[in-house]
Amino acid sequence: MRRLLRPLLFLCLLSTAALAAAQTSWPSQPIRLVMSGAPGTPPDVVGRLFASALGDSLGTPVVVENKTGIGSVIAMAEVHRSPADGHTLLYAVNNVFSVNPLVSMGTPDARPDFVRQPLDAFKPVGTTLQQGLVLIATKGFPAEDFAALVAHVKGHPGQVNYGSYGAGSLPHLAMEMVAERNGLDMAHIPYKGGALTDLIAGHISLLIEPVGTALPHIQAGAVKALAYTGTQRHRSLPDVPTLGELGSGEPVFGWHAIWVRADTPPAIAERLAAELRKAAATPQVQQRLQDLGYDPLTSEPDAIVNRMTAEAGGWAKLVQDRNINLTQ
């Protein structure tokens, strides 16, 4: 028995030593934080905030790289083909993992495995924030409240357009949910970035926008806020009703998380998670998120996976019924 146990004990010691070495030697070079959001979008703004805080905590530069396009597939591919050594991270909004596996890319073989089964390819490190979305209209839109919006769109079927940050994005799904609940026929215009700018300029009529980026323009009177997607009214928009109050949809929250390749050494992922929690707890980060209208969110990896799975189940029927796909 002792002869059998000795090799096993030796292997365990080697494994423990390897994990410890990986943890103490990481990071050994600058870290890349890859995101699909275009510069200036909410993921980019918050990702850069956390990149700076993580860099300070680790004593190593954390460089943000924007890889936009195809519903975050380009950003996912960049991380997936990089070494699983904790030096390349993915900053993603929740729909990347909960919705992208549900939507078509045109042909059955067009979606890589890491899109169809993302939790086999990536594992979560931790979350950064949560926020609701707000349905806003261009300043000249002929409706001052949600009921008037519904009446106007019904009176002009197919003529009112709305923007989103790409097919399958949360703004797209939320607007499709509103359209389905109210029997609305609207034209969808997907953007890689700049949808809010075009709304303010009057080039599109409607947009469901993360509250953090919409709020300054609502307060300045540049756009109209007609509905909020949270479970209760936003603290900065007390006069804007929720979709639940209006009978026009379920709560929709965008939340952001940092991910690594699934085969990243556990010791590195655990240290990264600890450093992320430390960065999130700094007064500077907490205050900046509050100032932007976001709610700080710190979730453990298991809770992230459970929430993703539940959200995927909630969106599946809408994706099928509205034929939402990444070619739109």
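Our structure's up above, just so we're on the same page.
Residues numbered from 1 in each chain as written. Predicted model: local features only at pLDDT ≥ 70, side-chain atom pairs only at ≥ 80, totals over all residues. Heavy atoms only, no water.

S.K.: Account for the overall build of the protein chain, naming residues and giving values.
M.R.: Within the protein chain one finds 14 helices and 10 strands. Among the 328 residues that make up the protein chain, the fraction classed as buried is 52%. Across the protein chain, contacts joining residues at least 24 apart in sequence account for 77% of those joining residues at least 6 apart. Only carbon and sulfur atoms are counted for the fraction: they give 54% of the accessible area of the protein chain, which is about 14600 Å². (Helix = DSSP H or I, 4+ residues; strand = E, 2+ residues; numbered from the N terminus. Buried < 20%, exposed > 50% of the residue type's maximum accessible area, 1.4 Å probe, protein only. Contact = heavy atoms within 4.5 Å. Areas by Shrake-Rupley, 256 points an atom, 1.4 Å probe, with all protein chains shown as cover.)

S.K.: Describe the environment of Gly166, and please don't skip the residues or the numbers.
M.R.: Mapping Gly166 onto the fold places it in the loop between strand E5 (161–164) and helix H8 (170–182). Residue classification places Gly166 among the buried positions, given a relative accessible area of 15%.

S.K.: Describe the packing of H8 against helix H14 (residues 301–321), with residues and values.
M.R.: Helix packing geometry: the angle between the two helix axes and the distance between the axes. It is at 11 Å that the axes of H8 and H14 come closest, and there the two elements cross at 70°. When the axis of H8 is compared with that of H14, the two are roughly perpendicular. Here Leu170, Leu173, Ala174, Glu176, Met177 and Glu180 of H8 lie close against H14, whose contacting residues are Trp315, Leu318, Val319 and Asp321. Along the lines of polarity and charge, the residues of the contact of H8 with H14 split into 7 nonpolar, no polar and 3 charged. (Axes fitted to C-alpha atoms, helices over the stretch in contact; angles between N-to-C directions. Parallel < 35°, antiparallel > 145°, perpendicular 65-115°, else oblique. Nonpolar A, V, L, I, M, F, W, Y, C, P; charged D, E, K, R; others polar.)

S.K.: Lay out the layout of surface pockets in plain terms, naming residues and giving numbers.
M.R.: For the largest pocket, the calculated volume is near 580 Å³. Around the largest pocket, the lining comprises 33 residues; the ones closest to its centre are Ser36, Ser72, Tyr165, Gly166 and Ser169. Broken down by element, the lining of the largest pocket gets its largest block of residues, 3 residues, from strand E9 (residues 253–261). A breakdown of the residues in the lining of the largest pocket according to their chemical character gives 16 nonpolar, 16 polar and 1 charged. Here the second largest pocket defines a volume of roughly 330 Å³. Glu250, Pro251, Val252, Gly314 and Trp315 are, among the 15 residues lining the second largest pocket, the residues nearest its centre. (1 Å grid on protein atoms, 1.4 Å probe; cavity = no way out; pocket = protein on both sides within 12 Å on 5 of 7 lines; lining within 4 Å. Points joined across faces, edges and corners; volume = space filled by probe spheres on them.)

S.K.: Just give me the short version of the packing of aromatic side chains, but keep the residues and values in it.
M.R.: Counted by the stated rule, this structure contains 3 aromatic pairs. Look at Phe97 and Trp259: their rings are 3.7 Å apart centre to centre, the planes differ by 5°, and that puts the pair in the stacked class. Of this pair, Phe97 sits in helix H4 (residues 95–98) while Trp259 sits in strand E9; the two residues are 162 residues apart in sequence, bridging distant segments of the chain. Trp259 sits in the buried class, given a relative accessible area of 0%. Between Phe114 and Phe122, the ring centres sit 6.4 Å apart and the planes meet at 90°, which makes this aromatic pair edge-to-face. As far as the burial class goes, Phe114 and Phe122 line up, both buried. Each member of the aromatic cluster is reached from another via a ring pair, and the members are Phe97, Phe114, Phe122 and Trp259. (Phe/Tyr/Trp six-rings, centres within 6.5 Å; stacked < 30°, edge-to-face > 60°.)

S.K.: Explain helix H3 (residues 73–80) to me, using residue names and the numbers behind them.
M.R.: Within H3, 6 of the 8 residues are buried, which leaves the element mostly enclosed by the surrounding structure. Listed in full, the buried residues belonging to H3 are Val73, Ala75, Met76, Ala77, Glu78 and Val79.

S.K.: Got a sec to walk through the nonpolar core? Specific residues and values, please.
M.R.: Core analysis: the biggest nonpolar cluster contains 33 residues, and Leu135, Leu149, Leu173, Leu184, Met186 and Leu206 have the highest contact counts within it. Elements with a minimum of two residues in this core: strand E4 (122–138), helix H7 (146–155), H8, strand E7 (206–210), strand E8 (223–228) and H14. The greatest single-element share of this core, amounting to 7 residues, is contributed by H8. The contacts of Leu184, once residues within four sequence positions are left out, are Leu149, Val150, Val153, Lys154, Val178, Ala179 and Arg322. Within the second largest apolar cluster, 28 residues are counted, among which are Tyr91, Ala280, Val285 and Tyr294. (Core = buried A, V, L, I, M, F, W, Y, C linked by side-chain atoms within 4.5 Å.)

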